[in-house]
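Chain by chain, the residues:
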Amino acid sequence: MLKTACIHPEIMRLVSLCGHGDKILIADGNYPLDSKSGSAAKVYLGLTSGIPEVTQVLEVLSEVVNFEKAEVMVPTGEQPPIFAEFQNILGGMDLGGLERQEFYDACCKPNVRLAIFTGEKRTFANILLTIGVA
Ligand SMILES: C[C@@H]1O[C@H](O)[C@@H](O)[C@H](O)[C@@H]1O
């Protein structure tokens with residue numbers, strides 16, 4: 001077993017092919033990943049309801065790559081509590097907010113290189129991350 005934070009072969013391969021400015025989507029279990037992630041490579045990690053959570057995947061990816069920007073899909077009402085968890089994991093980074101359709105559009109752009117589907121049950125628990133320099 002590898003001693004790296006991430007031991008998933010396909011995710012490690014795809015992340016290693018990314019560079020500064022490329023984007024990675026970690027999506028909740030309700031996100032229409034197949035139709036709303038453009039040409040990004042898709043990894044279906046969701047096993048059952050709630051496993052894994054988006055925050056667990058974010059924690060692991062944050063160990064292997066630097067992120068310089070993070071965007072979330074914002075609902076019309078209250079801000080979901082998971083946004084504070086995202087910020088915490090990302091060392092207090094501000095989150096950019098996109099409306100639902102804007103978020104889908106951003107995720108369909110060619111610079112989104114990897115899209116990860118989780119079993120996350122919480123809604124509006126998607127995060128679009130931009131890779132920074134190492
Ligand atoms: C309305 C929103 O649609 C998105 O695709 C989902 O990922 C969110 O959780 C929420 O259901």
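Above this text is the structure in question.
Residues numbered from 1 in each chain as written. Predicted model: local features only at pLDDT ≥ 70, side-chain atom pairs only at ≥ 80, totals over all residues. Heavy atoms only, no water.

This part takes up the site of the ligand. In the vicinity of the ligand, the contacting residues are Asp28, Asn30, Tyr31, Pro32, Met73, Arg100, Tyr104, Thr123, Phe124 and Asn126. At a separation of 2.8 Å, an oxygen atom of the ligand approaches a polar backbone atom of Phe124. Relative to its free-state accessible area of 290 Å², the ligand is covered by the protein chains to the extent of 86%. Grouping the constituent residues of the shell around the ligand by class yields 5 nonpolar, 3 polar and 2 charged. (Near = heavy atom within 4 Å. Polar contact = N/O pair within 3.5 Å; in protein donor to acceptor, adjacent residues only side chain to side chain. Areas by Shrake-Rupley, 256 points an atom, 1.4 Å probe, with all protein chains shown as cover. Nonpolar A, V, L, I, M, F, W, Y, C, P; charged D, E, K, R; others polar.)

A few words now on the sheet that holds strand β2 (residues 41-44). The strand order β2-β5-β1-β6-β3-β4 describes an open sheet built from 6 strands, whose pairing is mixed. Across the chains shown, the open sheet's two edge strands, defined by having one partner strand only, are β2 and β4 (96-98). On average, adjacent strands in this sheet sit at an angle of 20 degrees to one another, irrespective of strand direction. Sheet topology note: the strand β1 (residues 23-27)/strand β6 (residues 127-131) ladder contains 4 bridges and is antiparallel. Counted as the bridge partner of Lys23 is Thr130 from β6. The strands touched by helix α4 (residues 100-107) are β1, β3 (67-73), β4, β5 (112-117) and β6; relative to β3, the strand with the most contacts, the crossing angle is about 135 degrees. (Pairing = 2+ DSSP bridges. Helix = DSSP H or I, 4+ residues; strand = E, 2+ residues; numbered from the N terminus. Axes fitted to C-alpha atoms, helices over the stretch in contact; angles between N-to-C directions. Contact = heavy atoms within 4.5 Å.)

Let us look at the pairing of β5. With 5 of 6 residues buried, β5 is to be regarded as a mostly interior element. Note that β1 and β5 share 5 bridges and pair parallel. From the neighbouring strand, Ile26 faces β5, where its bridge partner is Ile116. Here β2 pairs with β5 via 4 bridges, running parallel. Across the sheet, Lys42 pairs through a bridge with Ala115, a residue of β5. (Buried < 20%, exposed > 50% of the residue type's maximum accessible area, 1.4 Å probe, protein only.)

Any link to function would need more than the numbers given here.
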